[in-house]
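Letter by letter, the chains look like this.
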Amino acid sequence: MLLVIDVGNTNMVFGIYEDDAPLRTFRLMTDVNRTSDEIGLLTFTYFQRLGLDPNAVEAVVIASVVPHVMYSLTSAILKYFGKAPLIVGEDIDPALPYGVNGDERLGADRAVACVSAIEKYGTPLIVLDFGTATTVDAIDENGAYIGGCITAGVRISTEVLFHKASMLPRVEIAMPPTVLGTSTVGQIQAGAVMGYVGSIEYLVRRTKLEMKCSSSIKVVATGGLARLISEHTDVIDLLDPQLILDGLRLLYKRWRSL
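Chemist: Give me the lowdown on the packing of helix α3 (residues 108-121) against helix α7 (residues 243-257), citing residues and values where you can.
Modeler: Packing of α3 against α7 leaves a shortest axis separation of 8 Å and a crossing angle of 80 degrees. When the axes of α3 and α7 are compared, the pair comes out roughly perpendicular. Of the residues in α7, those in contact with Asp 109, Val 112, Ala 113, Val 115, Ser 116, Ala 117, Glu 119, Lys 120 and Tyr 121 of α3 are Leu 243, Ile 244, Asp 246, Gly 247, Leu 248, Leu 250, Leu 251 and Arg 254. Across the contact of α3 with α7, the residue classes tally to 10 nonpolar, 2 polar and 5 charged.

Below, the structure is given as structure tokens:
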């Protein structure tokens, strides 16, 4: 059994695989104040509630963009699962080819998502990750990363609005029926969600123009809000909530074969 963990700014997503088949997933809030015992006990409890044996875990692979939680998380894995986790970027190289100048490299989550998308869907493609931040990554026909962009996620945008505009309420992230809202909540939702969909459509169209590919470019979306956005636009071809988790499984298989 393989345990993979995608550590994001908002959530840690755990995926459990058996013989390459996904068994279950669960999430814990990313909290830098949690102790290793808290993380370990929560994870152990999830395994038991899902009817899985924690002792059957043979390896653990982690991709993280939150350095401050890693000491507690790795300590928890060591203490409660008896395994030293493999860390993407330290123990495992994503081996994503780069077609851009400079030494700067993608964060672990984006690199894993790109490698996973290339393996699952071929090239050329655009990978959208709707997390705390929203990222757009472009992969050319040769499977090389050629650039991307980062923008604030829709939740961050609405939270900033709530905190900075004292008269405006915090609202649920949902698509309203019309852009012309008749209540403050509806108007905020229209501006936030419809405006966000519009910005994604523009970014995808502009990215395709700049890629100048001769063949059709697939657009793959993952992340917490990917389903909501994909339901209201036709620029997204594929919705894959498992993209990063599957990528971690793939990287582990490649690492074992070395």
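Let's pick the thread back up.
Chemist: Which residues make up helix α1 (residues 36-49), and what values go with them?
Modeler: Taking 1.5 Å per residue as the helical rise, α1 with its 14 residues ought to reach 20 Å, and the 20 Å between its terminal C-alpha atoms agrees with that figure. Burial in α1 covers these residues: Ser 36, Ile 39, Gly 40, Thr 43 and Phe 47. Each buried residue of α1 lies within a common arc of 95 degrees when the element is viewed along its axis, so the set occupies one face. Seen from the open side of α1, the exposed residues pointing more than 90 degrees away from its buried face are Gln 48 and Arg 49.

Chemist: Describe the pairing of strand β4 (residues 59-64), listing the residues and the values that go with them.
Modeler: In regular strands, side chains alternate between the two faces of the sheet. Counting buried positions over the 6 residues of β4 gives 6, a clear majority of the element. Residues Ala 59, Val 61 and Ala 63 of β4 are buried on one face, and the alternating residues Val 60, Ile 62 and Ser 64, pointing to the opposite face, are buried as well. Across 6 bridges, strand β1 (residues 2-7) lies against β4 in parallel orientation. The residue of β4 that forms the bridge with Ile 5 is Ile 62.

Chemist: Tell me what's going on with the packing of aromatic side chains, and back it up with residues and numbers.
Modeler: Scanning all chains against the criterion turns up 9 aromatic pairs. A centroid spacing of 6.1 Å and a plane angle of 65 degrees characterise the contact between Phe 130 and Tyr 196, whose relative ring orientation is edge-to-face. Separated by 66 residues along the polypeptide, Phe 130 in strand β6 (residues 125-130) and Tyr 196 in helix α5 (residues 184-211) bring together distant segments of the chain. Both residues of the pair, Phe 130 and Tyr 196, count as buried. Among the aromatic residues, those joined into a ring-pair cluster are Phe 14, Phe 26, Phe 44, Tyr 46, Phe 47, Tyr 80 and Phe 81. For Arg 105, the ring lying beneath its charged end belongs to Tyr 98, and the centroid distance is 4.0 Å.

Chemist: Could you give me a rundown of the sheet that holds strand β5 (residues 86-87), with the residues and numbers involved?
Modeler: Read across the sheet, 5 strands follow the order β3-β2-β1-β4-β5 without closing on themselves; strand pairing throughout is mixed. The strands lining the two open edges of the sheet, one partner per strand, are β3 (21-29) and β5. Each of β1, β2 (11-18) and β3 is contacted by α1, which is oriented at about 140 degrees to β3, the strand it contacts most. Across the sheet, α7 lies against β1, β2, β3, β4 and β5, angled at about 125 degrees from β1, the strand it touches most.

Rules of the game
Residues numbered from 1 in each chain as written. Predicted model: local features only at pLDDT ≥ 70, side-chain atom pairs only at ≥ 80, totals over all residues. Heavy atoms only, no water. Axes fitted to C-alpha atoms, helices over the stretch in contact; angles between N-to-C directions. Helix = DSSP H or I, 4+ residues; strand = E, 2+ residues; numbered from the N terminus. Parallel < 35°, antiparallel > 145°, perpendicular 65-115°, else oblique. Contact = heavy atoms within 4.5 Å. Nonpolar A, V, L, I, M, F, W, Y, C, P; charged D, E, K, R; others polar. Expected span 1.5 Å × (residues − 1). Buried < 20%, exposed > 50% of the residue type's maximum accessible area, 1.4 Å probe, protein only. Arc of directions from axis to C-beta. Pairing = 2+ DSSP bridges. Phe/Tyr/Trp six-rings, centres within 6.5 Å; stacked < 30°, edge-to-face > 60°. Lys NZ or Arg CZ within 6 Å of the ring centre and 35° of its normal.

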